[in-house]
Amino acid sequence: MRISKYRKSDLIDRSFRMTVTSTTLTAMAPLIATLVDGLVSSNILGPDAFIAVSVTLPIVNAVSVLCMICCRGGSMLAAGQLNKGDEIKANRIFTVALSSAVIVALAVVVGILFRIDNISSSISHSPECAAYVKEYLQVILVYFLVVPFNCTLNDFVTQGGNPQLTTRAVAAGCIANVILDIVFIGLLHWGIKGAAWATVVSGLINIAIQLPFCLKGKGQFRLAKTKGDLGNILWNNLKHGFGFNIFYIVVNGFMFLGNALVLRVAGVEGLTLFDVCLQIQSSTFSVTVGLCIAGIAHVSFMRVSGDNNGLRRILSNTGTIVVAFYGTLALLMIAFPGIFLRIFGLYDVVDIAMARRAFACYGIYYFCFCVAAVYVTVVLQLAGYLGAKIVLIFSMGILAYLGMFGLSFISANAMWYGLILGGVPVLLASFGYGYWQHVKHPEYTQFTLVDKYPNQVKFECSLDYERRHVEDFKHAVRVFADACEMPEKTYSSIIETSGILYDNALEHKPKHLKYMDLALSEGGDYFHLTIKNCAKPYNPVDQGIIDTKSCGAASIEYRFMFGMNFISIKWNKNQ
């Protein structure tokens, strides 16, 4: 039995939008730097400077990815420990994540510093370009020392319940990068080094905005001594971080191999077009990462709390955004390649016919890659098929490169169609694999592969803050109580407690929010009431609004997750 009356999507949609915005900007932070540097350098310093930034992009991405592997998985695990009330374990995870990211960054900086001449010449097509690469790298090494602190603060502040702060910090850093690029390159004439220094300063601004929040004790994570579980924590951080960042690993490998192949087959003109596509990818791929992180976190939370309606709403939102965003981008790349060339100041530098072909093929490939990435993360990984996710994502990158490599023997024009050979089949294979698992396990829904909820009596609703349908709500709870043979004392306590929390939420709610969500279920030895509302964090138990004695409840738990106050109350069925 399941009753659902007046259930609205306002609360879930707001929470999802807020988290997606934060996680997307967080993912964008390490990548937006080179995008802005390439854009400004191209328009002010010329094509060689643009190519220099573009061929350095995989190195910058690699450092960012390594730091994110150390931090991102740890932030999710630490948030899970906070939910369990284990702050000590959460702080140890935070400490290991930050320490490992710093060590990785230091190792990379030392390695590049001693081989900077060899690296600059090996990834460049000319001595002029190599000089630009060396100048850029010499300063960007400073940025590599900033990246681990950026990644750690962005991920842990977001998962610690304050995604708005991360959003403001990352946005401020990105805006500063754009302004400082123009000032350092265009006004002060620092050349390509100016682009790198703008990136360094933007990273420091990001840190400066978030660090006071943590130092003042408002954040939920602290540095802590690790005990005998250091190796286990590090392994779990890296394992989960690798799973969340598999896309970056594949994308980065494809950049390295693709740059060399395109330069050999299509020359500098083809490399320029390929690098424009990579810059477009760099500026937009954060949406995929943001959707994956926000989607998997929300879906996991909805599954644990038994909110199947909210869960399906999250999946619907995730699928709609990824298809609409990357579908629109692919259509723009196919229909209007000249727009992108003009943005980078390259319209008169390359052949427009080649640009149409390259942009169309890359747009289709990129759409397939992003849709598949979100699907296999939010759906397959959550259903326990992490291995399938890794195989499918790696397959798309490998097949796209092999397709380009094979068709390059026919002609430079034919080479671009290899991207489609890698993208479309693997996207179809991803959906096919999901459907095959559905056939094997009928308890999964066809698209979501979400575990079937156990049969139980459950009542869900959204109460508006204008006090309409309050009597309908009480009547529905009465029907629920009769169906479950609930004691009258428990029924009265549930109605009274719901009213108290409703009035309290009404006092704290944002002006534009109209509803709060309630769910009442019977399971095991308890009647379980959960209430979700959006506001600033406040714990009704700590504030003396409710307690187990006044409610006659067996337990009351409070969590602040994804911008929502989540209150869970259980009454013993036998009391």
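Look above for the structure.
Residues numbered from 1 in each chain as written. Predicted model: local features only at pLDDT ≥ 70, side-chain atom pairs only at ≥ 80, totals over all residues. Heavy atoms only, no water.

Undergrad: It is not clear to me how the overall build of the protein chain should be interpreted in this structure. Could you clarify?
TA: A count of helical and extended segments in the protein chain gives 18 helices and six strands. Taking 2.2 N^0.38 as the reference for a compact globule, 575 residues should give roughly 25 Å; the C-alpha atoms of the protein chain span a radius of gyration of 26 Å, in line with that estimate. Overall, the protein chain is about 85 × 50 × 45 Å in size when its C-alpha atoms are taken along their principal axes. Across the protein chain, the fraction of contacts at a sequence separation of at least 24, relative to all contacts at a separation of at least 6, is 78%. Carbon and sulfur atoms form 62% of the exposed surface of the protein chain, whose accessible area is close to 22,900 Å². Placing the 45 positive and 36 negative side-chain charges of the protein chain at their respective mean positions leaves the two points 2 Å apart. (Helix = DSSP H or I, 4+ residues; strand = E, 2+ residues; numbered from the N terminus. Rg over C-alpha atoms; globule rule 2.2 N^0.38 Å. Contact = heavy atoms within 4.5 Å. Areas by Shrake-Rupley, 256 points an atom, 1.4 Å probe, with all protein chains shown as cover. Lys, Arg positive; Asp, Glu negative; His and termini not counted. Charge placed at Lys NZ, Arg CZ, Asp CG, Glu CD.)

Undergrad: How should the environment of A355 be read in this particular structure?
TA: With respect to the helices and strands, A355 occurs in helix 12 (residues 352–381). For A355, a relative accessible area of 0% puts it in the buried group. Remark: the alpha-carbon pair of A355 and D37, spanning 318 residues in sequence, is separated by 22 Å. Residue contacts for A355: discarding those within four places in its chain leaves L273, P337 and L341. (Buried < 20%, exposed > 50% of the residue type's maximum accessible area, 1.4 Å probe, protein only.)

Undergrad: How should I be thinking about the pattern of salt bridges in this particular structure?
TA: Side chains that differ in sign of charge can pair as their charged atoms come close. Summed over all chains, the structure comprises four salt bridges. As a salt-bridge pair, D117 and K134 come within 2.8 Å of each other at their nearest N and O atoms. Taken as a pair, D117 in helix 4 (residues 116–122) and K134 in helix 5 (residues 127–159) lie far apart in primary sequence, 17 residues in all. The class of D117 is partly exposed, set by a relative accessible area of 46%. (Salt bridge = Lys/Arg side-chain N within 4 Å of Asp/Glu carboxyl O.)

Undergrad: Please explain the side chain of S75 as it appears in this structure.
TA: With respect to the helices and strands, S75 occurs in helix 2 (residues 47–84). Assessed through its relative accessible area of 1%, S75 is described here as buried. Apart from residues no more than four positions distant in its own chain, S75 is found in contact with D155, F156 and Q159.

Undergrad: Sorry, what's going on with a nonpolar patch on the surface here?
TA: A grouping of V142, L187, L188, W190 and W197 is seen on the molecular surface, where their side chains present a nonpolar patch of about 480 Å² in accessible area. In this fold, V142 is placed in helix 5. (Patch = residues over 30% accessible without salt bridge, like charges linked within 9 Å, V, L, I, M, F, W, Y side chains within 5 Å.)

Undergrad: How should I be thinking about the nonpolar core in this particular structure?
TA: Most often, soluble globular proteins have nonpolar side chains that are buried together. Grouped together as the largest cluster of nonpolar side chains are 126 residues, with contacts concentrated most on F144, F254, F285, F359, Y362, F369 and W416. At 28 residues, helix 9 (residues 246–305) tops the list of elements feeding residues into this core. Setting aside anything within four residues of it in sequence, one finds Y362 in contact with F254, F274, C277, L278, Q281, M333 and L419. Counting 31 residues, the second-largest nonpolar core is a separate cluster that includes L463, A476, L529 and I569. (Core = buried A, V, L, I, M, F, W, Y, C linked by side-chain atoms within 4.5 Å.)

Undergrad: Help me understand the side chain of T497, please; the structure alone is not making it clear to me.
TA: Among the structural elements, T497 can be located in helix 17 (residues 488–508). For T497, a relative accessible area of 2% puts it in the buried group. Beyond its immediate chain neighbours, meaning those up to four positions away, T497 contacts C551, I569 and W571.

Undergrad: I would appreciate a short explanation of the state of the cysteines in the present structure.
TA: What we call a disulfide is simply a covalent bond connecting the sulfur atoms of a pair of cysteines. If you walk through the whole model with that rule in mind, you get zero disulfides. The thiol of C368 is not disulfide-bonded; the next cysteine sulfur, from C370, is found 9.6 Å away. For C368, a relative accessible area of 4% corresponds to the buried category. As a non-bridged cysteine, C551 has C461 as the owner of its nearest cysteine sulfur, 18 Å distant. (Disulfide = S-S within 2.5 Å.)

Undergrad: I would appreciate a short explanation of the packing of aromatic side chains in the present structure.
TA: Pairs of aromatic rings are described using the distance from one ring centre to the other and the angle between the two planes. Following the criterion strictly, the structure yields 19 aromatic pairs and no others. Site record: aromatic cluster; members linked through ring pairs are F254, F274, F285, F325, Y326, Y362, Y365, Y366, F369 and W416. Positioned above the aromatic ring of Y491, the side-chain terminus of R478 is 4.1 Å from the ring centre. Just above the ring of Y526 sits the side chain of K570; from NZ or CZ to the centre is 5.5 Å. (Phe/Tyr/Trp six-rings, centres within 6.5 Å; stacked < 30°, edge-to-face > 60°. Lys NZ or Arg CZ within 6 Å of the ring centre and 35° of its normal.)

Undergrad: Explanation requested: the packing of helix 12 against helix 15 (residues 418–440) in the structure shown.
TA: Each pair of packed helices gets described by two things: the angle between the helix axes and the distance between those axes. Two numbers describe how helix 12 lies on helix 15: the axes approach to 8 Å, and their chain directions differ by 25°. On the basis of the axis angle, helix 12 is roughly parallel to helix 15. Handedness of the crossing formed by helix 12 with helix 15: left-handed. Contact residues: helix 12 offers C361, Y362, I364, Y365, C368, V371, A372, Y375, V376 and L380, while helix 15 offers L419, I420, G423, V424, L427, S430, F431, Y433 and G434. For the contact of helix 12 with helix 15, the residue count by class is 16 nonpolar, three polar and no charged. (Axes fitted to C-alpha atoms, helices over the stretch in contact; angles between N-to-C directions. Parallel < 35°, antiparallel > 145°, perpendicular 65-115°, else oblique. Left-handed = near helix turned anticlockwise from the far one by under 90°. Nonpolar A, V, L, I, M, F, W, Y, C, P; charged D, E, K, R; others polar.)

Undergrad: Sorry, what's going on with the pairing of strand 2 (residues 458–464) here?
TA: Successive residues of a regular strand alternate their side chains across the two faces of the sheet. Most of strand 2 sits out of view: seven of its seven residues are buried. Going residue by residue along strand 2, you find K458, E460, S462 and D464 tucked away on one face and F459, C461 and L463 tucked away on the opposite face as well.

Undergrad: Before we go on, may I ask you to explain the packing of helix 3 (residues 87–113) against helix 5 in this structure?
TA: Orientation of helix 3 relative to helix 5, taken along the N-to-C sense of each, is 165°, at an axis distance of 9 Å. When the axes of helix 3 and helix 5 are compared, the pair comes out roughly antiparallel. Between helix 3 and helix 5 lies a crossing of right-handed hand. On helix 5, the residues touching I93, F94, A97, L98, A101, V102, A105, L106, V108, V109, I112 and L113 of helix 3 are L141, F144, L145, P148, F149, T152 and F156. Considered class by class, the residues forming the contact of helix 3 with helix 5 number 18 nonpolar, one polar and no charged.

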